[in-house]
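Understanding the architecture of this molecule
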Amino acid sequence: MAHTPVNHPARPVYRAIGGLVGLYFVVFGVLGIIASAGNDVLAQDDTKVLGQGTNLGFSMLTILLGAAILVGTAIGRNLDVAINQWLAYALMALGLAELAFLHTDANIFNFSILTDIVVLTLSLVLLMAGMYGKVGTDDEHEAWQKARLVL
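Presented here is an overview of the structure given in this document.

1. Looking at the packing of aromatic side chains
What the rule picks out here adds up to six aromatic pairs. Taken together, Tyr24, Phe25, Phe28, Phe58, Phe109 and Phe111 form an aromatic cluster joined through their ring pairs.

2. Notes on the environment of leucine 124
Relative to the assigned elements, leucine 124 resides in helix α4 (residues 113-132). Residue leucine 124 is classed as exposed on the basis of its relative accessible area of 52%. Measuring from C-alpha to C-alpha, the distance between leucine 124 and tyrosine 89 comes to 8.6 Å, with 35 residues separating the pair along the chain.

3. Concerning a nonpolar patch on the surface
Judged by side-chain polarity, Leu20, Leu23, Val27, Val30, Leu31, Ile34, Leu50 and Leu70 come together as a nonpolar surface patch covering roughly 690 Å² of accessible area. Among the elements that line the nonpolar patch, the one with the most residues is helix α1 (residues 11-35), at six residues. Looking at where leucine 20 falls in the secondary structure, it is placed in helix α1.

4. Quick look at the side chain of serine 123
Of note, serine 123 is situated in helix α4. Apart from residues lying up to four places away in sequence, serine 123 is in contact with Ala88, Leu91 and Met92.

5. What about α4?
Counted at 1.5 Å a residue, the expected span for α4 with its 20 residues is 28 Å, and the 29 Å between its end C-alpha atoms agrees. All of the buried residues in α4 are Thr115, Asp116, Val118, Val119, Leu122, Ser123, Leu126, Leu127, Ala129 and Gly130. Where α4 is buried, its residues touch α1, β2 (52-53), α2 (56-75) and α3 (79-100).

6. Digging into the side chain of threonine 115
Within the secondary structure, threonine 115 sits in helix α4. A relative accessible area of 0% places threonine 115 in the buried class. Side-chain polar atoms of threonine 115 contact the backbone nitrogen of glycine 53, separated by 2.9 Å. Setting aside residues up to four positions removed in sequence, threonine 115 forms contacts with Gln52, Gly53 and Phe58.

7. Regarding the pattern of salt bridges
One pass over the structure, following the stated rule, counts one salt bridge. One salt bridge connects aspartate 80 with arginine 15, and the closest N-O pair in it is separated by 3.8 Å. Pair noted here: aspartate 80 is in helix α3 and arginine 15 is in helix α1, with a separation of 65 residues, a long-range link. Residue arginine 15 is classed as partly exposed on the basis of its relative accessible area of 34%.

Calculation notes
- Positions within a chain are numbered from 1, following the residues in the order the chain's sequence is written.
- Totals for whole chains, interfaces and linings use every residue, but because this is a predicted model, local features are given only for residues with pLDDT of at least 70 and side-chain atom pairs only at 80 or more, for both listing and counting.
- Hydrogens and water molecules were not included; the side-chain quantities draw on all heavy atoms of the structure.
- What counts as a ring pair is set by centres within 6.5 Å for rings of Phe, Tyr and Trp (its six-membered ring), and what kind of pair is set by the plane angle: stacked under 30 degrees, edge-to-face over 60, tilted for all other angles.
- In DSSP terms, a helix is any run of H or I states spanning at least four residues, a strand is any run of E spanning at least two, and both are numbered starting from the N terminus.
- Think of it in three bands: residues with accessible area under 20% of the maximum for their type are buried, residues over 50% are exposed, and the middle band is partly exposed, with areas taken using a 1.4 Å probe on protein chains only.
- By definition, no residue in a patch forms a salt bridge, and every one has over 30% relative accessible area; like charges are joined within 9 Å, nonpolar side chains (Val, Leu, Ile, Met, Phe, Trp, Tyr) within 5 Å.
- Areas reported as accessible are Shrake-Rupley estimates using a 1.4 Å probe. Residue values count occlusion only from the protein chains shown.
- Here a salt bridge means any side-chain nitrogen of Lys or Arg lying within 4 Å of a carboxyl oxygen belonging to Asp or Glu.
- Here a residue-residue contact requires only that any non-hydrogen atoms of the pair lie within 4.5 Å.
- In this scheme, a helix's expected span is set at 1.5 Å multiplied by one less than its residue total.
- In protein, a polar contact requires one atom able to donate a hydrogen and another able to accept it; more generally it is a pair of N or O atoms within 3.5 Å, and residues adjacent in sequence count only if both atoms are side-chain atoms.

Shape is all these values report; function is a separate question.
In structure tokens:
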């Protein structure tokens with residue numbers, strides 16, 4: 001039995017939202033690399049981009065994550081669904097770990113509280129895009145509809 005909607009009527013919108021999250025990560029990463037040029041990779045300083053704390057390491061990571069999301073969005077065929085869901089869970093884990101280490105030396109990505117809020121929020125948006133963007137056959141859609149209506 002499918003637990004997420006199949007062939008949701010708004011799936012193109014959710015796919016676009018996933019793509020916008022990927023684009024945000026790429027833009028943030030590029031701006032972060034520009035702002036932290038010349039610093040150590042995991043520097044813990046006052047470098048901020050769009051009001052969020054960052055360093056060269058986190059900026060490169062966001063570019064990789066954003067590129068993976070954009071590639072998945074461009075390919076589609078449920079690859080975007082898998083990428084969005086797995087990266088959403090990874091970003092949630094990263095955000096919660098960084099929240100735990102926010103004011104310690106273990107804050108390797110130089111997060112600020114605003115960075116943490118943005119990462120956790122975008123991870124939820126990405127998870128939503130992954131959950132509602134699944135494409136399937138008409139039989140899968142009908143099975144999902146029947147399972148949804150039987151409570």
